[in-house]
Amino acid sequence: MAKVDAWLKAHRQEIIDDLIGLVRIPSVSVPDKEIPPFGQPCRDVLEYMFKLGEKHGYSSRNYDHYVGSITFTEGEEEVGIWSHLDVVPVPDPAEWDYPPFEGTLVDDRYLIGRGVQDNKMSAIGVFHVMNCLRDLGVSLRRKYSLYMGTSEETGMEDARYFTAHYKTPDISIVPDCGFPVCIAQRGSMSLSVEVPFEAPVTFKQSNNPSVTAEEITAELSDGSTLCACGESAHIFNAEGIDNAVVNMLRLLADRYPADAKKLNAAAELISSWHGESLNIAYEDELSGALQMGATGMDWENGVLKIRLFLILPVSANADDVAARAHEKAQTVGASVIKLRARPSCSFTPDHPVVGVLTKVYNEVMHQDSAPFVMSGGNYAAYLPNAFGFGPGMPGREFPPHIFRPGRGDYHQCDESEDIEHLMNFMRVYAMGIIALDEVEDIKEKK
């Protein structure tokens, strides 16, 4: 550990400079027919990393611009470490206090820029961890590769394309969650509850598919408007909240008495947090209960469409959930259509890799943490034999002299990375890879 610390101290500025260079590429993933699959910036970030790999003597491979890889060592078994280089959009750069695509270092500690935390720091961190181990003369018996995707933020088409066309590593680690080890991800899905409703109406509301709306405005055909308020919350935290969609259905029922029965029935269908009202109250011991909430409304061709976002237990099947919800909705003259779904995944909790990496994290960071289940999603949902491992850990702060409230974290304005946090991440990964390489059997047991 002392040798790793000394190496990190000696290379700190190089690591920061490489991360700034990566952050300066505005790699928002957008489908592009002329520069497929996701436009020039997403090609540019891969090329940046390829050149970095070439500079340090590593081999690289481009998987049709969906994914790139840099291979550091050779061996019969492969450990793939997966980061993503695409970032969420910046709709209005003027809302930022710091330029989103310059990489501004404040107090020689807080690096600010879109994607610096999610997830470019992981790519640069892992890259330099491998440099560190090589320079320290650590001999690894397995093949270790850094895989870098270009559409994680837009549905993970990159990982899905890769698994459909190429051989995946024997085991994959995804540094895009918290520490220590994420042994399971709950699935998610979006449903549309559809109710016949002839009166034309136009809705204005928040468009975040996983967050309940704070306000919904309905413009009616006679020129009048209805406004329904509610509480804004991610579906993870939406238990018992006042839901604007439910409130709007009640307002529409009052305005259109002939449709009141089915509108009120639709409001009841979507009103429970665990899905009891739709007869989909799934639950399992590993990941808990299903969670759901209405997040928006549309009207089209005589149909009122209510969007539901659901977090699924690991054991729940999305098609079964949708079928049961549809069957229940039909009893009140409505229907349910599945819009999209992200599968759940799990990794054997007692696998030796889980125990080894959990122990390393706790020893390096002086913690007493246990493997966990998460409700968000990362590449592990689409890769076989994969689990999340960091970089999130306790202790992140957003000093008020640098960040206004509600800023500085991933996906927020003034997204940032604490360089000391990055160094801790690299310490854990350096020691974790050394320990992982000593595990005899790394493959997942089915």
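About the thresholds
- Residues numbered from 1 in each chain as written.
- Predicted model: local features only at pLDDT ≥ 70, side-chain atom pairs only at ≥ 80, totals over all residues.
- Heavy atoms only, no water.
- Helix = DSSP H or I, 4+ residues; strand = E, 2+ residues; numbered from the N terminus.
- Buried < 20%, exposed > 50% of the residue type's maximum accessible area, 1.4 Å probe, protein only.
- Contact = heavy atoms within 4.5 Å.
- Areas by Shrake-Rupley, 256 points an atom, 1.4 Å probe, with all protein chains shown as cover.
- Lys, Arg positive; Asp, Glu negative; His and termini not counted.
- Charge placed at Lys NZ, Arg CZ, Asp CG, Glu CD.
- Polar contact = N/O pair within 3.5 Å; in protein donor to acceptor, adjacent residues only side chain to side chain.
- Salt bridge = Lys/Arg side-chain N within 4 Å of Asp/Glu carboxyl O.
- Disulfide = S-S within 2.5 Å.
- Core = buried A, V, L, I, M, F, W, Y, C linked by side-chain atoms within 4.5 Å.
- Phe/Tyr/Trp six-rings, centres within 6.5 Å; stacked < 30°, edge-to-face > 60°.
- Pairing = 2+ DSSP bridges.
- Axes fitted to C-alpha atoms, helices over the stretch in contact; angles between N-to-C directions.

Once that is clear, we can look at the overall build of the chain. From N to C terminus, the chain includes nine helices and 23 strands. Dimensions of the chain, computed from C-alpha atoms along their principal axes, come out at roughly 80 × 50 × 45 Å. For the chain, the residues scored as buried account for 56% of the 446 residues in total. Sequence separation of at least 24 residues holds for 74% of the intrachain contacts in the chain that already meet a minimum separation of 6. Of the roughly 18,800 Å² of accessible surface on the chain, a fraction of 49% belongs to carbon and sulfur atoms. Taking the 39 positively charged and 65 negatively charged side chains of the chain as two groups, their mean positions are separated by 3 Å.

Time to look at the side chain of Asn362. With respect to the helices and strands, the residue Asn362 is situated in helix α8 (residues 352-365). A distance of 2.9 Å separates a polar side-chain atom of Asn362 from the backbone nitrogen of Ser369. If near-sequence neighbours (up to four positions away) are discounted, Asn362 is found in contact with Gln367, Asp368 and Ser369.

Right, let's get into the environment of Gly275. Structurally, the position occupied by Gly275 is in the loop between α6 (260-269) and β14 (283-284). Between the alpha carbons of Gly275 and Val321 there is a distance of 9.8 Å; along the sequence they are 46 residues apart. Filtering out sequence-adjacent residues up to four positions away, Gly275 remains in contact with Ile280, Ala281, Leu290 and Met292.

Moving on: the pattern of salt bridges. One pass over the structure, following the stated rule, counts 19 salt bridges. Glu440 serves as the salt-bridge partner of Arg141, at 3.9 Å between the closest nitrogen and oxygen. Note that Arg141 is positioned in the loop between α3 (116-135) and β6 (143-149) and Glu440 in the segment after α9 (419-436), a separation of 299 residues in sequence. When the shortest N-O distance is used, the salt bridge between Glu300 and Lys305 registers 3.0 Å. The exposure class assigned to Lys305 is partly exposed, which follows from its relative accessible area of 22%. Salt bridges linked by common partners bring Asp97, Arg404, Arg407 and Asp414 together as one network.

Time to look at the state of the cysteines. In this structure the tally under the stated criterion is zero disulfides. Not part of a disulfide, Cys227 finds its nearest cysteine sulfur in Cys229, a span of 4.5 Å. Among the cysteines around Cys345, which has no disulfide bond, Cys182 carries the closest sulfur, lying 6.7 Å off.

Turning our attention to the nonpolar core. Counting residues in each nonpolar core, the largest one holds 65 residues, and the members touching the most others are Met49, Ile173, Phe387, Phe389, Tyr429 and Ile433. Contributing elements (two or more residues each) for this core: α1 (2-23), α2 (40-55), β3 (78-84), α3, β6, β7 (171-174), α8 and α9. In terms of residue count, α9 provides more of this core than any other element does, 11 residues in total. Grouped together as the second largest cluster of nonpolar side chains are 48 residues, Leu220, Ala266, Val321 and Ala329 included.

Here we take up the packing of aromatic side chains. A full pass over the atoms with the stated rule returns 23 aromatic pairs. Judged by centre distance (5.8 Å) and plane angle (65 degrees), the rings of Trp82 and Tyr379 are edge-to-face. Within this pair, whereas Trp82 is found in strand β3, its partner Tyr379 is found in the loop between β20 (372-374) and β21 (386-388), the two being separated by 297 residues in sequence. Given the relative accessible area of 0%, Trp82 is considered buried. Measuring from ring centre to ring centre gives 5.2 Å for Phe197 and Tyr256, while their planes differ by 90 degrees; the resulting arrangement is edge-to-face.

Right, let's talk about the sheet that holds strand β12 (residues 215-220) for a bit. If you trace the three strands from one edge of the open sheet to the other, you get β11-β12-β13, paired in antiparallel fashion. A single partner strand is all that each edge strand has here, and the edge strands are β11 (201-205) and β13 (225-229). Across this sheet, the average inter-strand angle for adjacent strands is 20 degrees, counted without regard to direction. The pairing of β11 with β12 spans five bridges and is antiparallel. Bridging from a neighbouring strand, Val201 pairs with Leu220 of β12. Those strands touched by helix α5 (residues 244-255) are β11, β12 and β13, and its axis lies near 145 degrees from that of β13.

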